[in-house]
Amino acid sequence: MSPGVRRLAAAVAAVAAALGAGCDSVDAVLGGGAAAEGHRLGTRDPATLVIGRPLDAISLDPARVTDNESAEIAFQVYDTLVQWEPGTATVTPGLATSWSVDPSGEVWTFELRRGVRFHDGTRFDADAVVFSLERQRDPSHPFHRPDFQYWPNVYRNIEQVEKLDDYTVRITIERPYAPFAANMAMFPVSIVSPAAVTEYGDAYGEHPVGTGPWIFERWERGEHLILRRNPAYWGGAPAMERLVFTTIQDPRQRLVALESGAIDIAASILPEELQFVDLHPGLVLHESTANNVSYLAINTTRGPLRDVGVRRAIAHAINKEPIVQLAFQGLATPAEGPLPPRQWGYHRPRARHAYDPAEARRLLADAQARGVFAPEAELVLYAPSTPRPYLPGPDRVARAIQANLADVGIRTRLVLQPFGDHLVSVRNGQHDLCLLGWVGDNGDPDNFLQQLDPRNTTLGSAVNVAFYGDGEVGGLIVRAQETEDPLERARLYARVQERVAEDVPWVPLAHTQVPLAARDDISGIILNPTGQVLYRAVRRSPR
Amino acid sequence: MARPPARDRDATGRASQTGRAPRRAGPLGWVRLRLRAKLTAVLVLAALVPMAVVATIAVGVVLSTLERGLHSETARQRGVGLNLVLRTVERLGDDAARLSAMGDLARAMVEGKAAVAMLLAGQAAQLPSSLVQVTDADGQPVADLVVGGDAARFAGLGLDGASEAVRLGRRWGRRVTLELVGDRLVMRAVAPVVDGSLALLGVVVLTVPLDGAFADGIRSALGAEVLIAAASSAGARSSFRDALGARLPDVAVPAAVRARITGGAATTASQPIGGREYEVAWTALVDHRGATVGVFGVAVDRGSVSSAKTVAFRSLAIGGAVALMFALGLAAVLSRRIGQPIGRLHRGAVAIARGDLDHRIDVGGTDEIGELAQAFRHMTTALKENQQRLAARMREIVALHDAGRAMSSVIEPGQVSRKVVDAVARTFDGQLCALWLLDGGGELTIAAARARRPGRGTQAGADASGAAAGLTPIAREVADTRAHLRIERVGDDARRGDALRAAGVDGSMVSAPLERKGAVVGVILVARAPGERPFTEADASLLATFADQAATSIENARLYAQVVGASEELERKVRLRTAELTQINLELGKTLADLQETQSQLILSERMAGLGLLVAGVAHEINSPSAAVRGSVEAMGEVVSRLTRHLDALAALGLAAARREAIVAWVEATGRALAAQRLPTGAAVRRAQRELRARLDAAGLDDVAAQARDLAEIGLDPDALSPFVALVAGEPRGLPVVVAGYLAEYVHLHRNVLTIHNAIGRIQRIVGALKSYSHLDQSAGLVEADLHEGIETTLTILDYALRAITVSRSYGTLPRVPIFVDELNQVWTNLLQNAAQALEGHGTISIETGIESRDPGARAGVFVRVIDDGPGIPADVLPRIFQPFFTTKSKGEGSGLGLGIVKRIIDKHRGEISCESRPGRTCFTVWLPQDPAAAPVAAVPPPTEAELSAELTGEMTIERSLLPASDAGDRGGGAA
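Residues numbered from 1 in each chain as written. Chains lettered and ligands numbered in written order. Predicted model: local features only at pLDDT ≥ 70, side-chain atom pairs only at ≥ 80, totals over all residues. Heavy atoms only, no water.

A word on the state of the cysteines. Applying the stated criterion to the full structure yields 0 disulfides over all chains. Cys915(B) takes part in no disulfide bond, and the closest cysteine sulfur, belonging to Cys923(B), lies 7.5 Å away. (Disulfide = S-S within 2.5 Å.)

Structure representation (structure tokens):
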């Protein structure tokens, strides 16, 4: 081959390569653009994960929000001092590598992780922790805002937050409280960058800066919110490059987007869509943790309901299965106690009061004989008219219960109100019976059991709407709060659950699940005990 | 392959690949064909290859895009189709739920079967085409109805009350699912019938098979053919129909597709169905447990892609053919246009190479080839001119050569001039030629001339000289400007024209100066008649060259004339020179005397410097013992007063005289012994103190700590404690302390005394050594002495300089040797100092002595070696170390006379000194004869200071015969 021909051949090869490269780069550009938009069908960037959610976040300042959508973003962008071990409610090191509590149970010392930096490059240290907590605790703090909602409810027992040295923080609480560690895993006490809060002030909620696995990139309210991978994350960088949270309110549209591949994960699947997802070969349902309970609270201070026999009759009268199947549309499991079965400390009580109308009638006859129950008396049943996460069809449930009770000879009158009004009514103890529920905040049994704590029966702000005043239960709850050893605490909670099952201040109804659907090539979804998804380990496996 | 001759190379310079082709085929046709063929091929390639590549890529891209488009379209259709299927399934569930929740149904259930059947019949219009089954709360059938006719389609699909689906419904469960009934795939919806309080009344089950009719339904909504197969069946029900509208039989699902689908992956495959090629996208159908129960496929006709492919290939073929023809035509035209002129150029180049300079290259144009042809033409012209000029020059050079030969054959000046003129006239074919020479007064005189009349031959002599005389001003001008002058046409030169014409020169002329060593010695001029060729610049420069040659010849002739006169002058000058040299010799002798004087002073000062060094060392040596004496004396005052106190205390104890004397006697005896011992170390003291204390304790003495300390400090051995205990045991109780203190002070006193004693001994030794070193007590003559004594004395004196150096001695048994003791001590001092300086204070000096006989004559003698392990003397320095003033020491460390003097002293002993050195070992060996008188030079007395001076100035290169009275024989003694 002469040099000339060789050169010609080389030139031809170069032209061919350029043409080939041209095709590739055109594809790449198109793909890249589509990925940035996150909406285009088909050629999306495989390293971007798109999540369709019914609602957008409200604010990205973790101290200011209570809603699930905001909380989920907070869990991606921020770290807390401690966190839940993936998939469990066990508290493990987060930004604190270790912690200890002194013998008084009131002084907690956290050793902080070294070498961690906020997304803005500033250093994470004790000052950041003190800042993040003090701005919520101290009303005179320059960055304190009156709408910090969680603090007064959950953290009011914190008396003092002190920096001992650059990497040691001491928190003093008012009395021994074992669940405190779990409380420090909740999103409101996420550690924020003091520099960023100072810089953005009230606009910080739109410019979050944390130390978490994902870095905030862009947020178009109501449209989408984009997070980018934190390659330097101390716990290992996420597998995906980007997270796009896109708001698709219509559940049907959300499912269509998932089916077409425009999104990878669709949150909050409607019960009636479950069959479709179930039968679709390319989609997978992920059942969320049942981190809630719905119950029929019996006002133990009112007339016949003071009698445990009457309360047991009510429990025997209610058939939970059709309620779960029809009113909860199958997205729930019947409840047998105040704690969800996957909550640590859960104990299945011996007394379960299965559906047994005959036994109910017998107990009522007995009560009638003892003169504590009159069949002609009418009980008032309060129920919310708006669905709650733990109670999707409250009116249907209420009517079924009414029918069940009528069946055994208990007359009831139903009061349906919007949830806000309902809450005011029941907290003031206006009801004989009421439907209510609870969503766990911190993965600790104590969080649920405060609804049965005799201390929480103050009219107007009562959380214990059964106004259940059992001294033994109260004592056990306090003791468990002051005990550090988890095994001992579990033992105390088991006794609480046995006692409650016998006393029947509630008829526990169900633990609901809000499933999410994902494309079948998505794996590594971790749900934390409070129901938010952690995307750190999510990856796309090529098919 | 043999390399072809030049003509077989083509125009582009590449070697021919077919050099064996017949040469007579004619270079032109041959070149043109080859070049054109190549050009054509290259041009066609250049045009076609990129086009082919681009066309191939374009077609590939188009086809793959089409293929991809079809693929993704099929996949999209599959997605939509699957959605339609699942939505249909879901709708069946909705229908079941709606039916079950109808208040009428609940009421009818209560009323009885007939009511239910009636209600269902009434509702048929709102129900999908399905098998509707209703059971009561216990699972007993209440109604069974086929909605939408064709009972055969639903045959065998009914459920009984015990089936799982009915049981689920009786637990209030709802479900929609796909399931297999035999090899049929069906969808089923179950819903409980309840009243307002959720009490169970019965169960509704709707069943629809996923068969051809179902596929038709999906097809009509989707717009593409649909295939559905049960997982258990190899054939798929489909919506395909033949041309007559009859449904096609089951379509086989490819095994590969089934395998992939079972694995859960969607897949796409090409498949012929009903005689056409289809792209079918397959996916799995799963039941509520996620198990694969069937496959679902959507088929899209591949016809469009196939036809697009055909069109693409056809256009590619036609386009390719057209492009090829176009490229060929273009290449032919282009190669002709380029090849033709190159052929002509080639022809021209071959002709010129052959020598045909008149060949004309007929190529025009303004392109590179045209320019090349133009350049060829210029080149040919230039070649031709050069050829002519070369021929003329050759002729002139030959003539000049002849002239030169002619000139050098004569030596008489007049004759030379004539030869020059003859040669110039002949070479330049001049009408008139003349030579002027410059005489001593700077005047130009005609040395020779020659003129030629047309037709009469040449003519020399007076006529010519007369004609030339008129040209003298011109010659003057040339001599002054020292540059040749050329006038092409005399008529054109206004200034000189008249003079020239007057001299008969009216054609052209050229004149050049004759120069010799930068000075003009003459001028030569040659002229031509008007009709002859005028002189060119080349002629002028040739004449100039000739003039140089002529000048040399003339100068040579002149010089010859001068030689005779010059020889006498030379003789006179030689005489003068000789006188000057004699004077210089005298001065040299005086300088030498001065040098000798300086030399003596230097030697003296070196000795003084050595003495100073010695004195400093000795002073130091004496200083330290005196300091020790002073310290001890001062300490002794204290010790004596303390001793007195102890004695007083002893006396005050009032002991019996015998006991006291026994104590004093023991203290004195023990004290002296302890004072003579070495001082114990700190560790030994502490150890002894512990031991002593234990023993004293055991002996029952009081205040044992102080006693143990005192006794341990002075080095009392615990084993020697018993006499002490025996002496001091019992009353009085203070006795042991006093005796211990007494003993301690006694030991201190005696230690000081010993120190003073030793120091004074040392001072005496040094003074003694100093005395013996300088031999102040002996006459300065040859004395038989022990060499070791001198060496040791020297070592003692140099002790200070050698303090950190290990001196190791290896002395043999030596006889006494006759020596100049103090001078030899100076040798040892020098050698040891040298070694110490080489070691820079740290290292080892070994001194070896022994007996050795040396040639000539096996003279008995002794040797002393001083060896150091210093860095050594560099090899280039070694031969020069015994030269006086040679030193490697830095400025100020020494005069450099040391080793020179050493050598001189050894020579004086008729001995020998040598040095060998390498890094780590430098060894000076001194050898001294046992009988200096027996040396071969015994007749010569020992050298004097004067002789030494002579030796020291030996470096000077003045001939020894010029030196004043001296004897060269002294060198024999020194050269070892």
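Counting residues at the interface gives 31 residues for chain B, matched by 26 residues for chain A. The contact between chain B and chain A buries some 2600 Å² in all, and 64% of this surface belongs to carbon and sulfur atoms. Glu273(A) serves as the salt-bridge partner of Arg87(B), at 3.4 Å between the closest nitrogen and oxygen. Joining chain B to chain A, the criterion identifies 5 residue pairs in polar contact (both at pLDDT 80 or more). When residues of the side of chain B that touches chain A are traced back to their parent elements, those giving at least two are α1 (27-101), β3 (175-181), β4 (184-194) and β10 (276-286) of chain B. Top element by residues in the side of chain B that touches chain A is α1(B). It accounts for 12 residues. Tallied by class, residues from the side of chain B that touches chain A come to 17 nonpolar, 8 polar and 6 charged. (Contact = heavy atoms within 4.5 Å. Buried area = accessible area lost by both parts, 1.4 Å probe. Salt bridge = Lys/Arg side-chain N within 4 Å of Asp/Glu carboxyl O. Polar contact = N/O pair within 3.5 Å; in protein donor to acceptor, adjacent residues only side chain to side chain. Helix = DSSP H or I, 4+ residues; strand = E, 2+ residues; numbered from the N terminus. Nonpolar A, V, L, I, M, F, W, Y, C, P; charged D, E, K, R; others polar.)

Residue and element names in this part refer to chain B. Spatial ordering of the open sheet is given by β19-β21-β22-β24-β23, a layout of 5 strands whose pairing is mixed. Edge strands, defined here as strands with exactly one partner in the open sheet, are β19 (805-810) and β23 (912-918). Put simply, the sheet's adjacent strands are angled 15° from each other on average, direction ignored. Contacting β19, β21 (843-851), β22 (861-868) and β24 (921-929), helix α19 (residues 787-797) crosses the sheet at an angle of about 165° to β21. (Pairing = 2+ DSSP bridges. Axes fitted to C-alpha atoms, helices over the stretch in contact; angles between N-to-C directions.)

Residue and element names in this part refer to chain A. Across the sheet, 7 strands lie side by side as β8-β9-β10-β1-β11-β19-β12; this open sheet has mixed pairing. Of all strands in the sheet, those bounded by a partner on one side alone are β8 (214-220) and β12 (283-286). Bridging between β12 and strand β19 (residues 516-519) involves 4 bridges; their strand directions are antiparallel. Within the sheet, the bridge partner assigned to leucine 285 lies in β19 and is alanine 517. Packed onto the sheet, helix α7 (residues 251-260) meets β1 (48-53), β11 (265-266), β12 and β19 and runs at close to 20° relative to β19.

Residue and element names in this part refer to chain B. Mapping alanine 540 onto the fold places it in helix α13 (residues 537-652). The spacing of alanine 540 and histidine 484 is 56 residues in sequence and 6.9 Å in space, taken between C-alpha atoms. Excluding anything up to four places from it in sequence, alanine 540 contacts His484, Arg486 and Val510.

Residue and element names in this part refer to chain B. Here helix α11 (residues 472-481) has its buried residues at Ile474, Ala475, Val478 and Ala479. Looking straight down α11, one finds that the buried residues subtend no more than 140° of arc, so they occupy a single side. With respect to the buried face of α11, the exposed residues turned more than 90 degrees away are Pro473 and Asp480. Positive phi appears at arginine 482, one or two residues downstream of α11, with a value of about 55°. (Buried < 20%, exposed > 50% of the residue type's maximum accessible area, 1.4 Å probe, protein only. Arc of directions from axis to C-beta.)

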